[in-house]
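Given next are the chains, with one letter for each unit.
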Amino acid sequence: MARRPGKLPANLQRIWNESYNAPWNADFHTNINLQMNYWPAETGNLSETTLPLAHFVEKLTIPGGATAKEMYNAGGWTLHHLTDAFGRTGVADGVWGVSPMAGPWMTFPLYRHYEFTGDTGYLRNTAYPVIKGSVAFVLDFLIRSPQGYLVTNPSHSPENAFFIPGTNRKESSQLCYASTIDIEIIHGLFNNFINAATLLNVDADMVSKVKAARQKLPPIKIGANGTIQEWIEDFEEVEPGHRHMSHLLGLYPLNIISPQTPDLYAAAKKTIERRLANGGGHTGWSKAWIINFYARLQDGEQCGEQVQSLLQKSTLPSLLSTHPPFQIDGNFGGAAGIAEMLVQSQNDEIHILPALPSSWPNGKIKGLRARGGYTIAMSWRSGRLTQLIITAGKAGVHSVRYGDKVWQVQLKKGNNTVAL
């Protein structure tokens with residue numbers, strides 16, 4: 001990952017590309033890959049590496065504004081499923097290029113940087129204008145569905161297809177309206193915007209519009225087979241083992257599907273099981289995403305199995321991740337998954353060892369980061385926590401979860417040895 005604002009962000013092969021005519025042009029794919037490259041940036045205590053991405057997305061808002069206006073007669077800005085160093089933001093590369101919610105998706109790592117650093121200057125001057133412009137686009141882009149919801153159209157669920165009902169499984173399509181991933185992206189975008197605008201005490205009228213629109217979004221649904229529905233209707237997928245699991249974006253990296261939504265949480269687990277049973281997770285980045293999913297499901301045994309599978313089946317002798325031939329996102333996504341197994345910090349609490357597999361009975365780690373500016377060091381033996389040190393950027397009380405218990409811990413600025 002690049003470290004300085006003057007550098008481009010990490011593309012598909014990063015500095016390890018050896019070809020003039022690289023696979024996928026060594027560009028920036030924004031329907032999972034570029035985002036995944038930055039999943040470990042904050043949790044892995046490499047926060048400064050997010051800045052080249054933030055400045056890159058800032059620059060994309062200029063051509064992205066032209067794309068929003070010329071393609072959709074909308075304000076704000078957006079881009080589609082890939083971009084490059086020259087600022088491409090329009091549709092490219094077939095049906096899967098019709099991804100107007102890729103722009104909103106690219107705002108998530110920018111807001112996440114604020115969550116972990118608490119840098120309000122960065123939020124005000126860099127992240128918030130990008131997020132606000134994305135919200136402006138979405139508000140103009142949404143239309144009313146026959147059911148009365150506000151929906152996206154056109155839409156598709158990267159990069160799967162469904163059988164068209166009534167064709168006896170002979171015809172399929174990738175295009176629809178209001179794919180589940182779109183609704184999850186919009187919820188994430190709107191939530192981040194409301195939080196940021198409230199914190200900065202700006203744009204109260206726009207916040208009201210966003211809250212009203214959020215209430216009119218369609219719900220995330222559970223299909224007849226007990227899995228998260230991938231589309232607005234309970235269509236049958238063409239590839240039940242597809243490498244993309246776009247409709248689980250709400251589980252990770254978002255926090256829309258969680259233990260606080262038990263029915264969706266259980267359905268998310270069934271969704272992953274169905275994908276794996278049908279051959280899913282066969283590329284490096286897809287396997288890496290599965291590790292993060294199981295970490296959020298707090299299933300340490302599956303996490304351990306998937307990490308082992310990533311290393312055995314989707315990693316080259318060089319330790320670079322396969323697609324094939326090679327993409328760096330699987331490496332970064334796998335690292336993020338390991339961090340997520342050891343520390344999580346959504347829901348305004350620090351969760352210690354949420355998904356520790358029995359195959360890792362003893363260990364120690366230091367330097368992992370949690371939202372709010374906390375740095376974690378810890379040791380465990382025989383699967384039990386033996387030492388926890390939380391370094392806080394400021395004094396205050398914070399919730400710390402370990403196992404089934406939550407403690408309200410008074411933290412001073414600096415190092416705190418915490419007994420749980």
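Here the structure is shown first, and the text comes after it.
Residues numbered from 1 in each chain as written. Predicted model: local features only at pLDDT ≥ 70, side-chain atom pairs only at ≥ 80, totals over all residues. Heavy atoms only, no water.

S.K.: Honestly, the overall build of the protein in this entry has me stumped. Any pointers?
M.R.: From N to C terminus, the protein includes 12 helices and 14 strands. Counting contacts in the protein only where the partners sit at least 6 residues apart, residues at least 24 apart contribute 62% of the total. Carbon together with sulfur atoms contributes 50% to the accessible area of the protein, which is approximately 17600 Å² in total. Charge-centre separation for the protein: the mean point of 37 positive side chains lies 7 Å from the mean point of 33 negative side chains. (Helix = DSSP H or I, 4+ residues; strand = E, 2+ residues; numbered from the N terminus. Contact = heavy atoms within 4.5 Å. Areas by Shrake-Rupley, 256 points an atom, 1.4 Å probe, with all protein chains shown as cover. Lys, Arg positive; Asp, Glu negative; His and termini not counted. Charge placed at Lys NZ, Arg CZ, Asp CG, Glu CD.)

S.K.: Just checking my understanding: could you explain the nonpolar core for this structure?
M.R.: Here is a general trend for soluble globular proteins: nonpolar side chains tend to be buried in one another's company. Phe190, Phe193 and Trp289 are the most contacted members of the largest nonpolar core, which has 90 residues in total. Here the element with the most residues in this core is helix H7 (residues 180-200); it accounts for 11 residues. (Core = buried A, V, L, I, M, F, W, Y, C linked by side-chain atoms within 4.5 Å. Buried < 20%, exposed > 50% of the residue type's maximum accessible area, 1.4 Å probe, protein only.)

S.K.: Looking at this structure, how should I read the pattern of salt bridges?
M.R.: Any two side chains of opposite charge can pair, so long as their charged atoms come close to each other. Counted according to the given criterion, the structure contains 10 salt bridges. A salt bridge links Glu236 to Arg169; the nearest nitrogen and oxygen atoms lie 2.9 Å apart. You can see Glu236 sitting in the loop between helix H8 (204-214) and helix H9 (262-277) and its partner Arg169 sitting in the loop between strand S5 (162-163) and strand S6 (172-173), a full 67 residues away along the chain. Among the residues examined, Glu236 registers a relative accessible area of 35% and is labelled partly exposed. Among the salt bridges present, the one from Arg274 reaches Glu237, with a minimum N-O distance of 3.1 Å. Taken together, the residues Arg274 in helix H9 and Glu237 in the loop between H8 and H9 connect sequence positions 37 residues apart. (Salt bridge = Lys/Arg side-chain N within 4 Å of Asp/Glu carboxyl O.)

S.K.: Explain the sheet that holds strand S8 (residues 349-352) here, please?
M.R.: Within a sheet, each strand pairs with its neighbour through backbone hydrogen bonds, oriented either parallel or antiparallel. Across the sheet, 4 strands lie side by side as S7-S8-S12-S13; this open sheet has mixed pairing. Two strands bound the open sheet, and with one partner strand each, they are strand S7 (343-344) and strand S13 (405-411). (Pairing = 2+ DSSP bridges.)

S.K.: Would you mind going over the packing of helix H6 (residues 120-141) against H7 with me for this structure?
M.R.: Running from N to C, H6 and H7 cross one another at 135°; their axes reach a closest spacing of 9 Å. Judged by the angle between their axes, H6 and H7 are oblique. The way H6 lies across H7 gives a crossing that is left-handed. On the side of H6, the interface is formed by Thr120, Leu123, Arg124, Tyr128, Ile131, Lys132, Ser134, Val135, Val138 and Leu139, while H7 contributes Ile186, Leu189, Phe190, Phe193, Ala196, Ala197, Leu199 and Leu200. (Axes fitted to C-alpha atoms, helices over the stretch in contact; angles between N-to-C directions. Parallel < 35°, antiparallel > 145°, perpendicular 65-115°, else oblique. Left-handed = near helix turned anticlockwise from the far one by under 90°.)

S.K.: Sorry, what's going on with the sheet that holds strand S14 (residues 414-417) here?
M.R.: Spatially, S9-S10-S11-S14 is the arrangement adopted by the 4 strands of the open sheet, whose pairing is antiparallel. Looking along the sheet, the strands with just one partner apiece sit at the ends: strand S9 (363-370) and S14. On average, each strand axis in the sheet is inclined to that of its neighbour by 20°, with strand direction left out of account. Where strand S11 (residues 384-392) lies against S14, 4 bridges are found, and the strand directions are antiparallel. Along S14, the bridge assignment pairs Ile389 with Thr417.

S.K.: How should the environment of Asn45 be read in this particular structure?
M.R.: Looking at the element boundaries, Asn45 is found in the loop between helix H2 (39-43) and helix H3 (50-72). When its relative accessible area of 37% is taken as the criterion, Asn45 is described as partly exposed. Placed 230 residues apart in sequence, Asn45 and Arg275 show a C-alpha to C-alpha distance of 32 Å. With sequence-adjacent residues up to four places away left out, Asn45 is seen in contact with Pro40, Gly367, Arg369 and Thr375. Engagement of the side chain of Asn45 in a polar contact is seen with the backbone oxygen of Gly367, the distance being 3.0 Å. (Polar contact = N/O pair within 3.5 Å; in protein donor to acceptor, adjacent residues only side chain to side chain.)

S.K.: Explain helix H11 (residues 300-313) to me, please; I cannot follow it from the model alone.
M.R.: Within an α-helix, residues lying three or four positions from one another point in the same direction, as the helix has 3.6 residues per turn. Across its 14 residues, H11 extends 20 Å between first and last C-alpha, which sits within 8% of the 20 Å expected from 1.5 Å per residue. Turning to H11, its buried residues number three or more, namely Gly300, Cys303, Gly304, Gln306, Val307, Ser309 and Leu310. The elements touched by buried residues of H11 are H9, helix H10 (284-296) and helix H12 (329-342). (Expected span 1.5 Å × (residues − 1).)

S.K.: Which parts of the structure should I look at to understand the side chain of Lys287?
M.R.: Tracing the backbone through its elements, the reader meets Lys287 in helix H10. Although Lys287 is buried, it forms no salt bridge, and the closest oppositely charged side chain is Glu305 at an N-O distance of 8.5 Å. Once residues within four sequence positions are removed from consideration, Lys287 is found in contact with Leu276, Gly281, Gln306, Ser309 and Leu310.

S.K.: Before we go on, may I ask you to explain the pairing of S13 in this structure?
M.R.: The pairing of strand S12 (residues 396-402) with S13 spans 7 bridges and is classified as antiparallel. Residue pairing in the sheet places Gly396 in a bridge with Leu411 of S13. Connecting S12 to the antiparallel partner S13 that follows it, the hairpin turn spans 2 residues, and Gly403 within it adopts a positive phi of roughly 65°.

S.K.: In this structure, what is going on with a nonpolar patch on the surface? I would like to understand it.
M.R.: On the surface, Val95, Trp96 and Leu175 cluster together into a nonpolar patch covering about 240 Å² of accessible area. Structurally, the position occupied by Leu175 is in the loop between S6 and H7. Residue Leu175 is classed as partly exposed on the basis of its relative accessible area of 38%. (Patch = residues over 30% accessible without salt bridge, like charges linked within 9 Å, V, L, I, M, F, W, Y side chains within 5 Å.)

S.K.: Where do I start with the environment of Lys366 in this structure?
M.R.: Along the polypeptide, Lys366 turns up in strand S9. Assessed through its relative accessible area of 74%, Lys366 is described here as exposed. A sequence separation of 321 residues divides Lys366 from Asn45, and the C-alpha atoms of the two residues are 9.9 Å apart.

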